[in-house]
Amino acid sequence: MTLFAPPATTAARRGRMLAVLLAGEVMASMDSSIVSVAAQTIRDDLRAGGAAIQLIVSGYLLTTGVLFVTCARIGDVIGQRRAFLLGLGWFTGASLLCGLAPDAATLVLARVGQGVGAALLTPQIFAIIQLHWDGAARRRAIGVYSMVLALGVALGQVVGGLVVSADLFGLSWRPVFLLNVPIGVVLLMLGPRLLPASRTDGQARLDPGGVAVLTVAMAAVTVPLIFGPDHGWPAWAWGSLACGGLLLAGFVRQERRARHPLLDPAVLRPNGVKPGMAACWITMGCYAVFVLTLTLHLQTTLGFSPLQAGMAFVPYTLGFGALSLTWNRYPPRLVRALPIAGPIAFAAGATLLVLLCGARWHAVGSIPLLMLAGAGHAAGYSPLIASITARVEPRLASAVSALNATGPVLAGVIAVAGLGSVYFAAPSSADGLLRVVVALAVLLGVGTVCAVRATLAIRAVALAG
């Protein structure tokens, strides 16, 4: 059942709007992975230490994870279009500073600036889709949006490898960041004309207390998860996690009483939203650790170059993209089954791939298995997030967008911290990769249970209505 009718907008105009929004999403997604490929070249050129490289790679992810919820709420206060364009301009300027950085310290600060811009622009994308698309059009938009999420991460690895290998204009790693600048400028020119006018809620306020508590809480949780594994999980990491957990619990209690909540708890009340979000987050977290550990295995054990490792994931992206773009055309009964079958297919494809290619890469055999894993990933995410968001009122568009942005980042950080430690503790890369995919299969089983609960709850409401 449709809960609201978005403003009348022609299909052609919506297509141009979506193109601008998703181009911004591609840039933000790419920059979460593109630097990993260029890290060694940056280290050699800037004579950066290990700590600086770690901050250059992880500072972006840390900043976005901490700020997504606050920035989503800013969209309510100043309007989603204005917030998107402000974030895009900030991201573009920070990318220019990254590309011109004379030393590692400047590059670290510029990467944090990129994270601020990405945190501001990204939540507005899903919120605008929620407000200006409906029915089958929204399902198609979410399918394309989901495809772009995976495409951006995979494209970052491929583009990063190509750019660093090509050494464009003798600039070494710098075009990795500079390529964002002309794209950002074009989008800043098109955005004011193509994006819907900012509509603000006159009652929306930014709760300073909530911002302070959530920012400290998210930093206390994400910093040890990102840096703790590389330092042997010292005492400060566990203390920080404990403090972060307590602060998050306090934030939840505060939001229930707040007059202008930063993240309205009402977004979780519709039947099926909580287990559905959990299923989506688990699937996205499993994807993050699968990409990381398989990439490490390909490069450290099987001798792949960064570019070859990035290209190895193309079949995965094709499977993800094909399913994301076509699921909304399937019969309703099949669409309802996809979120349940998806995690199972993801686990099967990943496990069989590691069993087949753990010791020696089989190009022909790996292609269908990677496509199966990618299609399973899409099936476990796209149809379910579309069903969830259809249950949420338009006034909560920014809240559901914040959950959809923050949850996968936090799930990915947790999965990489936990299962990354499992991988590195194994006697060999092949053995570590096998242990990781077994753990992923278990987690995806939990995700399947959550998807079943969400699907049944949403179906019951639909039948009752």
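It should be noted that the structure appears before, not after, this text.
Below you will find a few notes about this structure. Being a predicted model, the structure only gives us computed values, none of them experimental. (Residues numbered from 1 in each chain as written. Predicted model: local features only at pLDDT ≥ 70, side-chain atom pairs only at ≥ 80, totals over all residues. Heavy atoms only, no water.)

### Some points on the nonpolar core
One finds I42, F84 and L107 to be the most contacted residues of the largest nonpolar core, which totals 103 residues. Here this core gets 12 residues from one element, more than from any other, and that element is helix α5 (residues 104-132). In contact with L107, not counting residues within four places along its chain, are I42, L46, I56, C98, A101, W173 and F177. Core analysis: the second largest hydrophobic core is formed by 31 residues, Y287, A309, A312 and L440 among them. (Core = buried A, V, L, I, M, F, W, Y, C linked by side-chain atoms within 4.5 Å. Buried < 20%, exposed > 50% of the residue type's maximum accessible area, 1.4 Å probe, protein only. Helix = DSSP H or I, 4+ residues; strand = E, 2+ residues; numbered from the N terminus. Contact = heavy atoms within 4.5 Å.)

### Some points on the pattern of salt bridges
Evaluated as defined, the whole model comprises six salt bridges. For D76, the salt bridge is made with R73, and the minimal N-O distance between the two is 3.1 Å. Of this pair, D76 and R73 both sit in helix α3 (residues 50-78), separated by three residues, roughly a single helical turn. For E393, the salt bridge identified is with R395, shortest N-O distance 3.4 Å. Each member of the salt-bridge network shares a partner with another, and the members are D264, E393 and R395. (Salt bridge = Lys/Arg side-chain N within 4 Å of Asp/Glu carboxyl O.)

### Thoughts on the packing of aromatic side chains
Scanning the entire structure with this criterion turns up nine aromatic pairs. Summarising the aromatic geometry, the rings of Y423 and F424 are spaced 5.2 Å apart at their centres and angled 80° between planes, so their arrangement reads as edge-to-face. Members of the aromatic cluster, each reached through a chain of ring pairs, are Y287, F290, Y316 and F346. (Phe/Tyr/Trp six-rings, centres within 6.5 Å; stacked < 30°, edge-to-face > 60°.)

### Focus: a nonpolar patch on the surface
On the surface, a cluster of nonpolar side chains totalling about 410 Å² of accessible area is made up of M311, V314, L318, I367 and M371. Of all the elements in the fold, those that place two or more residues in the nonpolar patch are α13 (314-326) and α15 (363-389). Examined against the element boundaries, L318 turns out to sit in helix α13. Note on L318: relative accessible area 51%, which makes it exposed. (Patch = residues over 30% accessible without salt bridge, like charges linked within 9 Å, V, L, I, M, F, W, Y side chains within 5 Å. Areas by Shrake-Rupley, 256 points an atom, 1.4 Å probe, with all protein chains shown as cover.)

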